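Analysis of the macromolecular model
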Amino acid sequence: MAASDSSSDDSLYPIAVLIDELKNEDVQLRLNSIKKLSTISLALGVERTRSELIPFLTDTIYDEDEVLLALAEQLGQFTPLVGGPEFVYCLLPPLESLATVEETVVRDKAVESLRHISSQHSPQDLENRFVPLVTRLSSGDWFTSRTSACGLFSVCYGRVNSSVKADLRTHFRNLCQDDTPMVRRAAASKLGEFAKVVELEYLKTDLIPMFVSLAQDEQDSVRLLAVEACVSIASLLQQEDVEQLVMPTLRQCTSDNSWRVRYMVADKFTELQKAVGQEITKAELVGALQSLLKDSEAEVRAAAANKIRDFCQALDPACREAIIMVNILPYVKELVADPNQHVKAALASVIMGLSPILGKNITIEHLLPLFLSQLKDECPEVRLNIISNLDCVNEVIGIQQLSQSLLPAIVELAEDAKWRVRLAIIEYMPLLAGQLGVQFFDEKLNALCMAWLVDHVYAIREAATLNLKKLVEKFGPEWAQNTVIPKVLAMSNDQNYLHRMTCLFSINVLAQVCGSEVTAQLMLPTVITMASDSVPNVRFNVAKTLQKIGPVLDPSCIQSQVKPVLEKLNADEDVDVKYFASEAMSIISD
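Keep in mind that what you see is a predicted model, and the values were worked out from it rather than measured.

What counts and how
- Residues numbered from 1 in each chain as written.
- Predicted model: local features only at pLDDT ≥ 70, side-chain atom pairs only at ≥ 80, totals over all residues.
- Heavy atoms only, no water.
- Helix = DSSP H or I, 4+ residues; strand = E, 2+ residues; numbered from the N terminus.
- Rg over C-alpha atoms; globule rule 2.2 N^0.38 Å.
- Contact = heavy atoms within 4.5 Å.
- Areas by Shrake-Rupley, 256 points an atom, 1.4 Å probe, with all protein chains shown as cover.
- Axes fitted to C-alpha atoms, helices over the stretch in contact; angles between N-to-C directions.
- Left-handed = near helix turned anticlockwise from the far one by under 90°.
- Nonpolar A, V, L, I, M, F, W, Y, C, P; charged D, E, K, R; others polar.
- Phe/Tyr/Trp six-rings, centres within 6.5 Å; stacked < 30°, edge-to-face > 60°.
- Lys NZ or Arg CZ within 6 Å of the ring centre and 35° of its normal.
- Buried < 20%, exposed > 50% of the residue type's maximum accessible area, 1.4 Å probe, protein only.
- Salt bridge = Lys/Arg side-chain N within 4 Å of Asp/Glu carboxyl O.
- Parallel < 35°, antiparallel > 145°, perpendicular 65-115°, else oblique.
- Patch = residues over 30% accessible without salt bridge, like charges linked within 9 Å, V, L, I, M, F, W, Y side chains within 5 Å.
- Lys, Arg positive; Asp, Glu negative; His and termini not counted.
- Charge placed at Lys NZ, Arg CZ, Asp CG, Glu CD.
- pLDDT = per-residue confidence, 0-100.
- Core = buried A, V, L, I, M, F, W, Y, C linked by side-chain atoms within 4.5 Å.
- Arc of directions from axis to C-beta.
- Disulfide = S-S within 2.5 Å.

1. Brief notes about the overall build of the chain
Counting its secondary structure elements, the chain contains 36 helices and 0 strands. Taking 2.2 N^0.38 as the reference for a compact globule, 590 residues should give roughly 25 Å; the C-alpha atoms of the chain span a radius of gyration of 34 Å, well beyond that estimate. The principal-axis extents of the C-alpha atoms in the chain amount to approximately 85 × 85 × 35 Å. Once local pairs closer than 6 in sequence are excluded, the contacts in the chain between residues at least 24 apart make up 68%. Surface exposure of the chain reaches about 26,300 Å², of which carbon and sulfur atoms provide 50%.

Below, the structure written as structure tokens:
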């Protein structure tokens, strides 16, 4: 008898521990116990999980948001632990309670878990258990439950019978007309998703009136979400239906008196373009883009400027060039001189992409002057965005034209007072070098690359050494021997110890691309000489450099030249020098 008592005690143990931990004052302990739910469930088995654990969790939902969030997440993965899809409905009560709490992130996570488990319900359970949950939430007294309900319609609508579908549409319509703006906002954000699962006839008769009403809502936070729904709805309709049912509302949104709504139209512009098709784009959206590019609010102009390249690319090829030249380029020219730097930066990030669309002649005549004025803009981000996209212009107009027009401006930027601008130019240099060819590069840009090695900003010096490596990879070790290495080695005698260290950093990266012979003959003697430098930082960097270039050198060279130097440094009076020398010796010996 005693034995059977102890076994029943054992079987109660997991849930007893959970109850204790969930009642503990320490939030972290409660959180940990929730995260161990699946382990506790496995210990209990599926029947006791259904009959004891789930009811217990449903009754104890009154905790810190952090604990509730973890619980909402765990329950979404619980289907196998309650016995599979056949019993998945057991998870609905606790998730329903979590979908009504005040904290938004908890509700969202509960809705996410409900959406996940909805597909695991049989059609019968969906109608008998899941849909009633949706209708209870959508007619709840608190707005919290009604906002949660909005996210559940689309996941169950497609798998229920027609009378239940009609009921769901009615409930959704009520949510779109709810007194609380938060509920209307939730409904507007899910309208596009719901539209994708509703039959076409009901989309026209039921959902489009909801869409029109939300797009005219008194709250701009609701109206801007209707713009998002507009994309989904337009993509589901025939062109004449889009013209009649969607375009009046979209026109209204484009000239809405709230800048946030107009911003949303600008932000979704290329998606709208794809959804409405070529004819409506030509007739309506070109004009809409013009008004957004001239908007009184800088945020709207910046969002619209960001879409120019993609919009132009997606235009009908038959009339693309004419539309750009007549309707878009004049506005682009105005934006280049916009008073707001965010607008100019947004334009600079996409304007180069017009080159491949418009071709060589138009680029040279109309776009190059704009690029030049942006390269000279006082805002660093504008200049940076132009430099980063130079390659697509080069493909169109060729290097000669590019170097004549834009190179002087690039050289100017390479010496810019803002170090981030100089850094952007360095990162672009290997690509530019490949495009210009070795001769042109040596004439125009080589001196710049060497000057960056002694820049006063460490990030620039570091980037400059990596830049050297990439240039040698492009132009080959012979070019390095003649052009770069002599200048790098000369830095070993510089008065400034930081420049002497840059010499070592450059040798580290050059050895990797120049190979054993060039490293041993040209660079190693300089490293060995620098082992006697008066500054300890330089000496320990000699040890680190010898360790770095060791794998490149052949064993005889290491024995005869490298090891004696490291032994000498290992006896140095400075502790850092000794440390790095001994580390280098142990790695080289391996």
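2. Focus: the packing of helix α34 (residues 536-549) against helix α35 (residues 555-570)
Between two packed helices, what matters for the description is the angle formed by their axes and the separation of those axes. Interaxial distance between α34 and α35 falls to 11 Å at its minimum, and their mutual angle equals 145°. Handedness of the α34/α35 crossing: left-handed. Contacts between α34 and α35 pair Arg539, Val542, Ala543 and Leu546 from the former with Val562, Val565, Leu566 and Leu569 from the latter. Looking at side-chain class alone, the contact of α34 with α35 contains 7 nonpolar, no polar and 1 charged residues.

3. Notes on the packing of aromatic side chains
Summed over all chains, the structure comprises 9 aromatic pairs. Seen from their ring centres, Trp259 and Tyr263 are 6.4 Å apart, and the 80° between their planes marks the pair as edge-to-face. Taken together, the residues Trp259 and Tyr263, both in helix α16 (residues 259-267) and 4 residues apart, mark about one turn of the helix. The ring of Phe87 has Arg50 lying over it, and the distance from NZ or CZ to the ring centre is 3.6 Å. Looking at Arg129, its charged tip hangs above the ring of Tyr89, at a distance of 3.7 Å from the centre.

4. Details of the environment of Trp259
Among the residues examined, Trp259 registers a relative accessible area of 34% and is labelled partly exposed. When the C-alpha atoms of Trp259 and Asp295 are compared, they prove to be 8.8 Å apart, with 36 residues separating the residues in sequence. Once residues within four sequence positions are removed from consideration, Trp259 is found in contact with Glu297, Glu299 and Val300.

5. Re the pattern of salt bridges
Counted by the stated rule, this structure contains 20 salt bridges. With a shortest N-O distance of 2.8 Å, Glu193 and Arg115 are connected by a salt bridge. Note that Glu193 is positioned in helix α12 (residues 181-195) and Arg115 in helix α7 (residues 104-118), a separation of 78 residues in sequence. Under the relative-accessibility criterion, Glu193 is labelled partly exposed at 28%. The partner of Lys204 in a salt bridge is Asp241, with the nearest N and O atoms 2.9 Å apart. Taken together, the residues Lys204 in helix α13 (residues 200-215) and Asp241 in helix α15 (residues 239-254) connect sequence positions 37 residues apart. Accessibility expressed as a relative area gives 13% for Asp241, which makes it buried. Sharing partners across several salt bridges, the network here consists of Arg169, Arg173 and Asp206.

6. Let's talk about the side chain of Thr519
Positionally, Thr519 belongs in helix α33 (residues 497-530). What makes Thr519 buried here is its relative accessible area of 0%. For Thr519, the contacting residues outside a window of four places in its chain are Ala511, Leu524, Ile549, Val552 and Leu553.

7. A short note on the packing of helix α31 (residues 458-475) against helix α32 (residues 477-490)
Contact geometry of α31 with α32 gives a least axis separation of 8 Å together with a crossing angle of 150°. Considering their axes alone, α31 and α32 lie roughly antiparallel with respect to each other. Of α32, the residues touching α31 (which contributes Leu468, Leu471, Val472 and Phe475) are Pro477, Trp479, Ala480, Val484 and Val488. Its residues placed into classes, the contact of α31 with α32 shows 9 nonpolar, no polar and no charged.

8. Description of a negative patch on the surface
Together, Glu64, Asp65, Glu66 and Glu102 make up a negatively charged patch on the protein surface. Residue position: Glu102 is located in the loop between α6 (92-98) and α7.

9. Quick look at the confidence of the model for the chain
When the pLDDT values of the chain are averaged, the result is 82; 94% of them are 70 or greater. In this model residues 1-10 is a low-confidence stretch, pLDDT under 50, and it forms 0 contacts with partners more than four residues away in sequence or in other chains.

10. As for the environment of Ile587
Tracing the sequence through the fold places Ile587 in helix α36 (residues 575-589). Residue Ile587 is classed as partly exposed on the basis of its relative accessible area, which comes to 42%. Between the C-alpha atoms of Ile587 and Lys548, which are 39 residues apart in sequence, the distance is 9.8 Å.

11. Side note on the nonpolar core
With 206 residues, the main nonpolar core has Ile233, Ile308 and Ile351 as its most contacted residues. Here this core takes 12 residues from α33, the largest share from any one element. Sequence-distant contacts of Ile233, that is, excluding residues within four places in its chain, are made with Leu191, Ala195, Leu203, Ile208, Phe211 and Val246.

12. What to know about the side chain of Ser355
Along the chain, Ser355 turns up in helix α23 (residues 354-358). When its relative accessible area of 0% is taken as the criterion, Ser355 is described as buried. Dropping the residues within four chain positions of it, Ser355 is found in contact with Thr363, Leu367, Phe371, Cys392, Val393 and Val396.

13. Re the environment of Lys294
The residue Lys294 is located in the loop between α18 (278-293) and α19 (298-306) in this model. Here the alpha-carbon distance between Lys294 and Ala304, two residues 10 residues apart in the chain, equals 9.3 Å. Excluding residues within four positions of it along the chain, Lys294 makes contact with Arg301, Tyr331 and Glu334.

14. Looking at helix α3 (residues 37-44)
Every buried residue of α3 is accounted for by Leu37, Ile40, Ser41 and Leu44. Angular distribution of buried residues about the axis of α3 spans 100°; they occupy a single face of the element. Of the exposed residues in α3, those oriented more than 90 degrees away from the buried face are Thr39, Leu42 and Ala43. Just past α3, the residue Gly45 takes up positive phi, approximately 90°.

15. Looking at the state of the cysteines
In this structure the tally under the stated criterion is 0 disulfides. Here Cys230 stays unpaired: no disulfide links it, and the sulfur of Cys253, its closest cysteine neighbor, is 6.7 Å away. Counting only cysteine sulfurs, Cys514 is the nearest neighbor of Cys503, a cysteine outside any disulfide, at a range of 13 Å. Residue class for Cys503 comes out buried when judged on its relative accessible area of 0%.

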